[in-house]
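# An overview of the molecular structure
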Amino acid sequence: MSESPLRFSVVDGVGELVLQREPCNEIGSAMTGALEAWLDALDDDAVHTVIIRSSVRGGFCAGADLRELHAGLVASPEAEHAASLRAFLDRIHGVMDRIDMLPVTTIGVVHGVCFGGGFELALTCDQIIAEKSARFCFPELRLGIIPGFGGIPRLRRDVGNATIRDLLLSGRSVSAKRAHALGMIAQVVGRGEGLEAAQALAAQSGKFDPTARRAAKAFIKHLPREELAREKELFVELALRPPLLAALTKFVDSTDLRPYLP
Amino acid sequence: MSDTVHTLMALAARQFKADASALKPEQDLFEALGIDSFQAVELISELEDEFDVELPDYELQGVKTFAALAAKIDKRR
């Protein structure tokens, strides 16, 4: 039996959700299902903070599972693509929105690759602590699509439109240091220091009055519902065009050992 | 050998525990360092930090050797 893509533990009111799917926590049906099951089982009265991190060497998360997406598209009739894409987007948006709105403090600990859907997952967290090795990127235009897991509307809550245009329209990756300067993340720490920094932050969060802590988050953090809905529609519209399947086929067929470099 | 390529190779050797004296500017850096794409992504951040530049990914397309990478860094300084 294959290992679960996630593991979760709680110590002294601090939950730790570890993404552990090789090679780099790609988000497909297995990861989505595991996140749904985790959310269903989470007792948010038993934790005041959840830390989300990755145990795989390559990074936090490389984004959507492109091989699974490709396999799904080639295995089904074209007439069914819109419905199946929409169904997957509804699921993953549901997961991302639920994490975003959890009534506990969430801390993303990021190292290495944090690309596409992985960046979008990190952006659901209340605070991101990035190790110096982290790089953030929205590479979706290279596939003929836009980010589809809600990342752009979520990021728009935090930074200016020019910053988003830079990332989205260039597809370039930026370092933890740059991401911090742009206001996208809360802290930059040394290599391998992210978890300890998150635990210290969680311990501080645990000292606060629970009602005030929850009220503060609910006061300042809202779901950009209209934009999220528009994003889903635009994603499906773009994804149904030939460039996505062509790019996915090229990715799947590639023998290049450097698929994460553009 | 330029200062940049020398510093670049020393930094890369330190990060990936390679023998700096065995590295040559015209070597393929992936092969010389034995690194994969994830490690290459990390290396870019280290280089940006070291040389105080930004290295957009699209400018690094096709860059394979230490010397070519050093030239890209120099253009950004």
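Scroll up for the structure.
Remember, it's a predicted structure, so these values are computed and weren't measured experimentally.

## A look at the overall build of chain A
Looking only at helices and strands, chain A features 11 helices and 10 strands. Its C-alpha radius of gyration of 18 Å places chain A within 12% of the 18 Å reference for a compact globule of 262 residues. In chain A, of all internal contacts separated by at least 6 residues, the share reaching a separation of at least 24 is 78%.

## Considerations on the environment of Val236(A)
Residues and elements named next belong to chain A. As for its placement among the helices and strands, Val-236 is situated in helix H10 (residues 225-239). On a C-alpha basis, the gap between Val-236 and Ala-83 in space is 9.1 Å, while along the polypeptide they are 153 residues apart. Setting aside residues no more than four positions away along its own chain, Val-236 makes contact with Ala-82, Leu-85, Arg-86 and Leu-89.

## Describing the interface of chain A and chain B
With 22 residues of chain A in contact, the opposing surface of chain B contributes 16 residues. Mapped onto the side of chain A that touches chain B, the elements with two or more residues apiece are strand E9 (173-175) and helix H7 (176-181) of chain A. When residues in the side of chain A that touches chain B are grouped by element, the largest group, three residues, is from H7(A). Of the residues assigned to the side of chain A that touches chain B, the class counts are eight nonpolar, seven polar and seven charged.

## Quick word on the sheet that holds strand E5 (residues 105-110) of chain A
All names here are of chain A. Spatially, the six strands line up as an open sheet ordered E1-E2-E3-E5-E7-E10, and their pairing is mixed. The open sheet has two free edges, formed respectively by strand E1 (6-11) and strand E10 (187-189), since each of these has just one partner strand. Strand-to-strand twist of the sheet, defined as the mean angle between neighbouring strand axes without regard to direction, takes the value 20°. Across three bridges, the pairing between strand E7 (residues 127-131) and E10 is parallel. Bridged to Ala-130 within E10 is Val-188.

## What about the packing of helix H1 (residues 3-15) of chain B against helix H4 (residues 66-76) of chain B?
In a packed pair of helices, the relevant descriptors are the angle between the two axes and the axis-to-axis distance. Residue and element names in this part refer to chain B. It is the contact of H1 with H4, at a shortest axis distance of 9 Å, that shows an interaxial angle of 115°. Classified by chirality, the crossing of H4 by H1 is right-handed. Residue-level inspection shows Thr-4, Val-5, Leu-8 and Met-9 of H1 in contact with H4, the latter providing Phe-66, Ala-67, Leu-69, Ala-70, Ile-73 and Asp-74. Of the residues contributing to the contact of H1 with H4, the split by class is eight nonpolar, one polar and one charged.

## Let's talk about the nonpolar core
Ile51(A), Cys114(A), Ala122(A), Ala130(A) and Leu8(B) are the most contacted members of the largest nonpolar core, which has 84 residues in total. Top contributing element to this core by residue count: helix H3 (residues 81-100) of chain A, with seven residues. Ignoring sequence-local partners within four residues, the contact set of Ile51(A) consists of Val14(A), Gly15(A), Glu16(A), Leu17(A), Ile107(A), Val109(A), Ala198(A) and Ala202(A).

Conventions used here
- Residues numbered from 1 in each chain as written.
- Chains lettered and ligands numbered in written order.
- Predicted model: local features only at pLDDT ≥ 70, side-chain atom pairs only at ≥ 80, totals over all residues.
- Helix = DSSP H or I, 4+ residues; strand = E, 2+ residues; numbered from the N terminus.
- Rg over C-alpha atoms; globule rule 2.2 N^0.38 Å.
- Contact = placed C-beta atoms within 7 Å.
- Nonpolar A, V, L, I, M, F, W, Y, C, P; charged D, E, K, R; others polar.
- Pairing = 2+ DSSP bridges.
- Axes fitted to C-alpha atoms, helices over the stretch in contact; angles between N-to-C directions.
- Left-handed = near helix turned anticlockwise from the far one by under 90°.
- Core = buried A, V, L, I, M, F, W, Y, C linked by C-beta atoms within 7 Å.
- Buried ≥ 20, exposed ≤ 12 C-beta atoms within 10 Å, placed from the backbone.

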